[in-house]
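# Close look at the chain arrangement
As a plain string of letters, each chain reads:
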Amino acid sequence: MIKRLDHLTTLIILVIAAIYTVNALQFPGSAKVVPAIFGGLALVLAVIQLVAPRIAALKALGGELVIDDERDLDVFRDPLAQRRLLLISASLIAIPLLIAIFGLPIALPVYVAGLLLIQRQRFSVVMACTALISAMSYGLLVQLLAWPWDDGALWWLFA
Amino acid sequence: MGVLALTLLIPFVRVILMAVGSAEMFALSLLGVLAIGVLTTESVTRGLLSGLIGLMLSTIGSDPITGTLRYTAGSIYLYDGLSITGVTLGLFAIAEMIRVFAGGKPIAAAAVGQDTNIMSGIREGMRDCAKNLRTILNGGIIGSVVGFLPGMGGTVAMFLSYGHAKQRSKHPERFGKGAVEGIIAAEAANNAKEGGGLVPTLAFGIPGGSTMAVFIGVLYIIGLPPGPELMNENLHMVYYMGWSLALAGILGSIIGLGLAPQVARLAKMPSEILAPLLIAFSIAGAVVDTRIVFGVYVAIAAGFLGYWLQLLKYSCAGITLGYLLGPVVERKMFISINAYGLDFFTRPLTLAILAMIVFLVARPYFQRRRKRRNAGAVEPPSQQGDAP
């Protein structure tokens, strides 16, 4: 399965490089030169990576994926690892939403507390970690960077 | 090593800096990006693609020559390009936390339950350093040379030294899994680059990196403008700075040794607790340089990208270096074309550096041929049943 996903990723890189190069050619004057070179090279390399395993002369370039650590494959075989990957990915995607609702300084402790509670960690651990991140958030963001603590939609509603 | 480089190079600094022009800087930057990509992965195409992905990402924002907006999709947040902190934190910290969390084991799973004895740890660290003197020396030389070149920065020095150590190691497969040579190589280069960076900073007022740029500001404030005057009239001050740097390195090591056991405990924390904490720290770090929430989105996107590409054996170091050196490559290329025309490729030093890039790409062919030849030489006895 990972080999199929690898091919798919190379194809995606190829398509992105093609779109990138076509866009580059539309920039005025010298602004197009460097992106066109980078995009063109990426396009050629992506094609080589796709065909290299089938052509003996290109095999030395190592287009084929070699997994040297079996643990890397856990996410494809172990349902528990898949659930954990899904959980951490969903939590990361939720961060912008939390920031929009609570504002960045409060979203960070809420994120940590939420992710720990979902995993049913001990209450003392949840409290300790949330307190640590709250202190960091207040010290770094609110005090040092003068970030408003109430820049989320929730506080605008109350205001 | 950096301080030694500073002391030894000062008499020759003018000659060396005159030899390294914009054309050579262009070729060196390109070599840096592509070398790291290739040296940190098993596959040449993946390594080169990693460098190119970084270079492509670096073109987002306004063009450094004409100011034309490129790939911004009309968003004002992209006018200055992607946040460097966001990209770096995402590719390394967040991507690693996704991997560790999905794996369900602490970072140092093998060490859980073992006692962290500070004295034995210090002794072991010293023994490792003594065993890897050659790696330290090579890292020091790479750090000094890279630090000497304006605009290359410490990250470049560390990755180049790491890649070099991996290439020379008898066990390259251990790199990326806590190989001590990798840590020693990167740190040796990181420490040495400050001394190397002081050479162009003090001699010509050309900063070797962002820290050196701030340092030049400080020199002006205290009435010691860098340049030939400083070198001629206040040479003793230059040596003071060198010795201060050496002393700072020793003090830093003492403080680091004191804090090491506490930091080591972090690596034994369960991933379920460590990941949310480090992600929160990384997210806070992602807004420090730009002070806009957009940096958070960049870090999260880079985190997913880094996790996925690392799983497929692309080089995150190559992407980062490509991203950092992209603007240098572009700027130096245009300066070179304006100064020398397209003939800049034929300058001897530039040609030599470009030949190194070609060698780097062609190297697997030669290695494969050699392997096949060796296998051919070994095969017959085993076929005849001579193997024990």
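Only a predicted model underlies this, so the values are computations on that prediction, with no experimental measurement involved.

Looking only at helices and strands, chain A features seven helices and zero strands. Listed N to C, the secondary structure of chain A is α-α-α-α-α-α-α in terms of helices and strands. For chain A, the C-alpha radius of gyration of 23 Å lies well beyond 15 Å, the compact-globule estimate for 159 residues. Principal-axis analysis of the C-alpha atoms gives chain A an extent of 65 × 50 × 25 Å. Taken over 159 residues, chain A has a buried fraction of 44%. Carbon and sulfur atoms make up 72% of the accessible area of chain A, which totals about 8700 Å².

Looking now at the packing of helix H5 (residues 84-103) of chain B against helix H14 (residues 294-311) of chain B. Residues and elements named next belong to chain B. Taken N-terminus to C-terminus, the directions of H5 and H14 make an angle of 55°; their axes are 6 Å apart at the nearest point. Relative to H14, the element H5 is oriented oblique. H5 and H14 meet at a crossing whose hand is right-handed. Listed contacts from H14 to Gly86, Val87, Gly90, Leu91, Ile94, Ala95, Ile98 and Arg99 of H5 are Gly295, Val298, Ala299, Ile300, Ala302, Gly303, Phe304, Gly306, Tyr307 and Gln310. Grouping the constituent residues of the contact of H5 with H14 by class yields eleven nonpolar, six polar and one charged.

This part takes up the interface of chain A and chain B. In this complex, chain A contributes 69 residues to the contact, which on the side of chain B involves 59 residues. Summed over both sides, the interface of chain A with chain B buries roughly 5700 Å², with 75% coming from carbon and sulfur. The partner of Asp6(A) in a salt bridge is Arg46(B), with the nearest N and O atoms 2.9 Å apart. The tally of links from chain A across to chain B stands at eleven residue pairs in polar contact (both at pLDDT 80 or more). Along the lines of polarity and charge, the residues of the side of chain A that touches chain B split into 52 nonpolar, ten polar and seven charged.

All names here are of chain B. Its place among the elements puts Ser83 in the loop between strand E2 (69-70) and H5. Engagement of the side chain of Ser83 in a polar contact is seen with the backbone nitrogen of Gly86, the distance being 2.8 Å. Dropping the residues within four chain positions of it, Ser83 is found in contact with Ala286, Asp289, Thr290, Val298 and Tyr323.

A separate point is the nonpolar core. In this structure, Ile88(A), Ile95(A), Leu104(A), Leu108(A), Tyr111(A), Ile283(B) and Val296(B) are the most contacted members of the largest nonpolar core, which totals 113 residues. In terms of nonpolar packing, the next biggest core, distinct from the first, is built from nine residues, Leu198(B), Leu202(B), Leu224(B) and Met241(B) among them.

Glancing now at helix H6 (residues 123-144) of chain A. The periodicity of an α-helix, 3.6 residues per turn, causes residues three or four positions apart to be oriented the same way. Here H6(A) contains 22 residues, and its C-alpha end-to-end distance of 30 Å stays within 8% of the 32 Å for a straight helix at 1.5 Å per residue. If you look at H6(A), its biggest bend is around 25°, right at Tyr138(A). Among the residues making up H6(A), those that are buried are Val125(A), Val126(A), Cys129(A), Thr130(A), Ile133(A), Met136(A), Ser137(A), Leu141(A) and Val142(A). Turning to H6(A), the residues buried within the fold contact helix H5 (104-118) of chain A together with helix H13 (271-286) of chain B.

Positive phi is not limited to glycine here, since Arg120(A) has a value of about 55°. Take Arg120(A): its relative accessible area is 78%, and that puts it in the exposed class. Of note in this structure, Tyr71(B) is not a glycine but carries a positive phi near 55°. Residue position: Tyr71(B) is located in the loop between E2 and H5.

With that settled, the discussion passes to the side chain of Asn132(B). Residue and element names in this part refer to chain B. Along the polypeptide, Asn132 turns up in the loop between helix H6 (118-131) and helix H7 (133-148). A distance of 2.8 Å separates the side chain of Asn132 from the backbone oxygen of Asp128, its partner in a polar contact. Filtering out sequence-adjacent residues up to four positions away, Asn132 remains in contact with Val180, Glu181 and Ile184.

On to a nonpolar patch on the surface, then. Residues and elements named next belong to chain B. Taken together, the side chains of Leu69, Ile76, Tyr77, Tyr79 and Ile292 make up a nonpolar region of the molecular surface, amounting to roughly 460 Å² of accessible area. Looking at where Tyr79 falls in the secondary structure, it is placed in the loop between E2 and H5. When its relative accessible area of 33% is taken as the criterion, Tyr79 is described as partly exposed.

Of the residues in chain A, 93% have a pLDDT of 70 or more, and the chain-wide mean is 88. Between the elements of chain A, mean pLDDT differs from a low of 79, seen in helix H3 (residues 74-77) of chain A, to a high of 95, seen in H5(A).

Let us look at the pattern of salt bridges. Residues and elements named next belong to chain B. With the rule as written, the count across this model stands at six salt bridges over all chains. The closest approach of N and O atoms between Asp63 and Arg70, which form a salt bridge, is 3.8 Å. A residue is classified by how much of its surface remains accessible, and Asp63, at 3% relative accessible area, is buried. The salt bridge involving Arg99 is made with Glu96; its shortest N-O contact spans 2.7 Å. Of this pair, Arg99 and Glu96 both sit in helix H5, separated by three residues, roughly a single helical turn. For Glu96, a relative accessible area of 24% gives the class partly exposed. One salt-bridge network, held together by shared partners, links Asp63, Arg70 and Glu330.

Right, let's talk about helix H1 (residues 2-24) of chain A for a bit. With 23 residues, H1(A) extends 32 Å between its outermost C-alpha atoms, agreeing within 8% with the 33 Å of an ideal straight helix rising 1.5 Å per residue. When we look at burial in H1(A), the residues that qualify are Ile2(A), Asp6(A), Thr9(A), Thr10(A), Ile13(A), Leu14(A), Ala17(A), Tyr20(A), Thr21(A) and Ala24(A). Residues of H1(A) that are buried sit in contact with helix H2 (33-51) and H3 of chain A together with helix H4 (44-58) and H14 of chain B.

Residues and elements named next belong to chain B. Axis separation between H5 and helix H15 (residues 316-340) bottoms out at 10 Å; the angle between their running directions is 175°. Judged by the inter-axis angle, H5 sits roughly antiparallel to H15. On H15, the residues that touch Ile84, Val87, Thr88, Leu91 and Phe92 of H5 are Cys316, Ala317, Ile319, Thr320, Tyr323 and Leu324. Classifying every residue of the contact of H5 with H15 by side-chain character gives nine nonpolar, two polar and no charged.

What follows is about the packing of aromatic side chains. Two descriptors summarise a pair of aromatic rings, namely the distance from one centre to the other and the angle between the planes of the rings. The tally for this structure, following the rule as stated, stands at six aromatic pairs over all chains. Ring plane angle 10° and centroid distance 4.5 Å describe the contact between Tyr20(A) and Tyr71(B), whose orientation is recorded as stacked. In this pair, Tyr20(A) is assigned in helix H1 and Tyr71(B) in the loop between E2 and H5, connecting two distinct chains. Taken together, a centroid distance of 5.3 Å and an interplanar angle of 10° make the contact between Tyr77(B) and Phe294(B) stacked. Note that Tyr77(B) is positioned in the loop between E2 and H5 and Phe294(B) in helix H14, a separation of 217 residues in sequence. Since its relative accessible area comes to 45%, Tyr77(B) is described here as partly exposed. Through a chain of ring-to-ring contacts, the aromatic side chains of Tyr20(A), Phe27(A) and Tyr71(B) assemble into a single cluster. Cation over ring: Arg84(A) sits above Phe101(B), and NZ or CZ is 4.9 Å from the ring centre. Over the ring of Tyr314(B) we find Arg46(B), and its NZ or CZ is 5.4 Å from the ring centre.

The rules behind these values
- Residues numbered from 1 in each chain as written.
- Chains lettered and ligands numbered in written order.
- Predicted model: local features only at pLDDT ≥ 70, side-chain atom pairs only at ≥ 80, totals over all residues.
- Heavy atoms only, no water.
- Helix = DSSP H or I, 4+ residues; strand = E, 2+ residues; numbered from the N terminus.
- Rg over C-alpha atoms; globule rule 2.2 N^0.38 Å.
- Buried < 20%, exposed > 50% of the residue type's maximum accessible area, 1.4 Å probe, protein only.
- Areas by Shrake-Rupley, 256 points an atom, 1.4 Å probe, with all protein chains shown as cover.
- Axes fitted to C-alpha atoms, helices over the stretch in contact; angles between N-to-C directions.
- Parallel < 35°, antiparallel > 145°, perpendicular 65-115°, else oblique.
- Left-handed = near helix turned anticlockwise from the far one by under 90°.
- Contact = heavy atoms within 4.5 Å.
- Nonpolar A, V, L, I, M, F, W, Y, C, P; charged D, E, K, R; others polar.
- Buried area = accessible area lost by both parts, 1.4 Å probe.
- Salt bridge = Lys/Arg side-chain N within 4 Å of Asp/Glu carboxyl O.
- Polar contact = N/O pair within 3.5 Å; in protein donor to acceptor, adjacent residues only side chain to side chain.
- Core = buried A, V, L, I, M, F, W, Y, C linked by side-chain atoms within 4.5 Å.
- Expected span 1.5 Å × (residues − 1).
- Bend = angle between axes of the 7 residues up to and from the residue.
- Patch = residues over 30% accessible without salt bridge, like charges linked within 9 Å, V, L, I, M, F, W, Y side chains within 5 Å.
- pLDDT = per-residue confidence, 0-100.
- Phe/Tyr/Trp six-rings, centres within 6.5 Å; stacked < 30°, edge-to-face > 60°.
- Lys NZ or Arg CZ within 6 Å of the ring centre and 35° of its normal.

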